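Tertiary structure, described
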Amino acid sequence: MSPFLQAVCELCLAALLISVALTILRLIAGPRAADRAIALDTITMEFVGIICILCMVWGSDLYFDTVWILTLVGFLGSAAIARYLERGRLFR
Amino acid sequence: MMPSLFDVMVAVPLVLGTFLTLVTAVGLLRFPDVYCRMHAAGKAGTLGVSLIIFAAVIFFAPTGASVPIRGLLAIAFQFLTTPAATHLLARAAYVAEYPCTERTALDELAPYLGGYVRERYGKE
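Attention here is on the structure that accompanies the text. Please read all numbers here as calculations on a predicted model, not as lab measurements.

**As for the overall build of chain B**
- Counting its secondary structure elements, chain B contains 4 helices and 0 strands.
- Traced from its N-terminal end to its C-terminal end, chain B shows the element sequence α-α-α-α.
- Expected size for 124 residues packed as a compact globule is a radius of gyration near 14 Å; at 20 Å, chain B overshoots this value by more than 25%.
- Seen along its three principal axes, the alpha-carbon backbone of chain B occupies a region of about 65 × 30 × 15 Å.
- When burial is assessed residue by residue, chain B has 39% of its 124 residues classed as buried.
- For chain B, long-range pairs separated by at least 24 residues make up 61% of all intrachain contacts whose partners lie at least 6 apart in sequence.

Okay, here's the thing in structure tokens:
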């Protein structure tokens, strides 16, 4: 990895950490449950980006499976929260 | 230090995706009600994360086909699942009668889903 790409990766990691901090502010402040669900979904997406950049920095694809697994698990969590909000219960 | 063509091809989607993710976080913090926040998280967030994964795909492309296949699969899952999850959450929030902001000019969903809520749950 060249020094140019190293510098770009570290800059992007810093920006992603700032966006995680901003999203955690919404997670704390969110007036009701749907705001917090959206914030959790966004935090999952930001962690997927952080894992991608860390894979590039370390030069290893060992953790790359977490990217698509985390996408699917995040969808399941959001769908469960939405079902609970709409029906008031998860199962019949 | 002069970046090579490969460096530029990795760095451009990386910086664009990081910028879009930062825009998502700022929009999530600044928008007035839950539907506007879903607008920010569902569109800009999906494209930002997909661009970051695409940068990793280009970076690992010379080492073999393993990471590109998994990365493109992750991008496909992202484009399938995140808008669906946001739509589910928006519908649930509307049925649970989350308030819109005062600046809302027109609620086009009220004739359809408003009646659905009253008839199914007996709310007024």
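From this point, the discussion proceeds with the structure in view.
**Quick word on the overall build of chain A**
- The helix and strand inventory of chain A stands at 3 helices and 0 strands.
- In chain A, the order of α-helices and β-strands from amino to carboxyl end is α-α-α.
- Computed over its C-alpha atoms, the radius of gyration of chain A comes to 16 Å, more than 25% above the 12 Å expected for a compact globule of 92 residues.
- Based on the C-alpha atoms only, the size of chain A along its principal axes is roughly 55 × 30 × 10 Å.
- A sequence separation of at least 24 residues applies to 45% of the contacts in chain A between residues at least 6 apart.

**Thoughts on the interface of chain B and chain A**
- In this complex, chain B contributes 45 residues to the contact, which on the side of chain A involves 43 residues.
- Elements that contribute at least two residues to the side of chain B that touches chain A include exactly helix 1 (5–30), helix 2 (34–60) and helix 3 (66–95) of chain B.
- A total of 15 residues in the side of chain B that touches chain A trace back to one element, the largest contributor, which is helix 3 of chain B.
- For the side of chain B that touches chain A, the per-class residue count stands at 32 nonpolar, 9 polar and 4 charged.

**Re the nonpolar core**
- Counting 54 residues, the largest nonpolar core has C52 of chain A together with I52, I53, A56 and L89 of chain B as its most contacted members.
- Those elements that place two or more of their residues in this core are helix 1 (3–29), helix 2 (33–58) and helix 3 (65–87) of chain A together with helix 1, helix 2 and helix 3 of chain B.
- When residues in this core are grouped by element, the largest group, 15 residues, is from helix 2 of chain B.
- Apart from residues lying up to four places away in sequence, I53 of chain B is in contact with C52 and V67 of chain A together with G71, A74 and I75 of chain B.

**Remarks on helix 2 of chain A**
- Here helix 2 of chain A spans 37 Å end to end across 26 residues, near enough to the 38 Å set by a 1.5 Å rise per residue.
- G59 of chain A occupies a position one or two residues after helix 2 of chain A and carries a positive phi of about 65 degrees.

**Re helix 1 of chain B**
- Taking 1.5 Å per residue, 26 residues should reach 38 Å; helix 1 of chain B reaches 38 Å between its end C-alpha atoms and fits that length.
- If you check which residues of helix 1 of chain B are buried, you get V10, A11, P13, L14, G17, T18, L20, T21, T24, A25, G27 and L28 of chain B.

**What about the packing of helix 1 of chain B against helix 2 of chain B?**
All names here are of chain B.
- The N-to-C vectors of helix 1 and helix 2 enclose an angle of 160 degrees; their axes lie 8 Å apart at closest approach. When the axes of helix 1 and helix 2 are compared, the pair comes out roughly antiparallel. In the packing of helix 1 onto helix 2, the handedness of the crossing is left-handed.

**Quick look at the environment of A84 of chain B**
Residue and element names in this part refer to chain B.
- Take A84: it is sitting in helix 3.
- A84 sits in the partly exposed class, given 15 other C-beta atoms within 10 Å.
- Note: C-alpha distance between A84 and I69 (15 residues apart in sequence) is 23 Å.

Conventions used here
Residues numbered from 1 in each chain as written. Chains lettered and ligands numbered in written order. Predicted model: local features only at pLDDT ≥ 70, side-chain atom pairs only at ≥ 80, totals over all residues. Helix = DSSP H or I, 4+ residues; strand = E, 2+ residues; numbered from the N terminus. Rg over C-alpha atoms; globule rule 2.2 N^0.38 Å. Buried ≥ 20, exposed ≤ 12 C-beta atoms within 10 Å, placed from the backbone. Contact = placed C-beta atoms within 7 Å. Nonpolar A, V, L, I, M, F, W, Y, C, P; charged D, E, K, R; others polar. Core = buried A, V, L, I, M, F, W, Y, C linked by C-beta atoms within 7 Å. Expected span 1.5 Å × (residues − 1). Axes fitted to C-alpha atoms, helices over the stretch in contact; angles between N-to-C directions. Parallel < 35°, antiparallel > 145°, perpendicular 65-115°, else oblique. Left-handed = near helix turned anticlockwise from the far one by under 90°.

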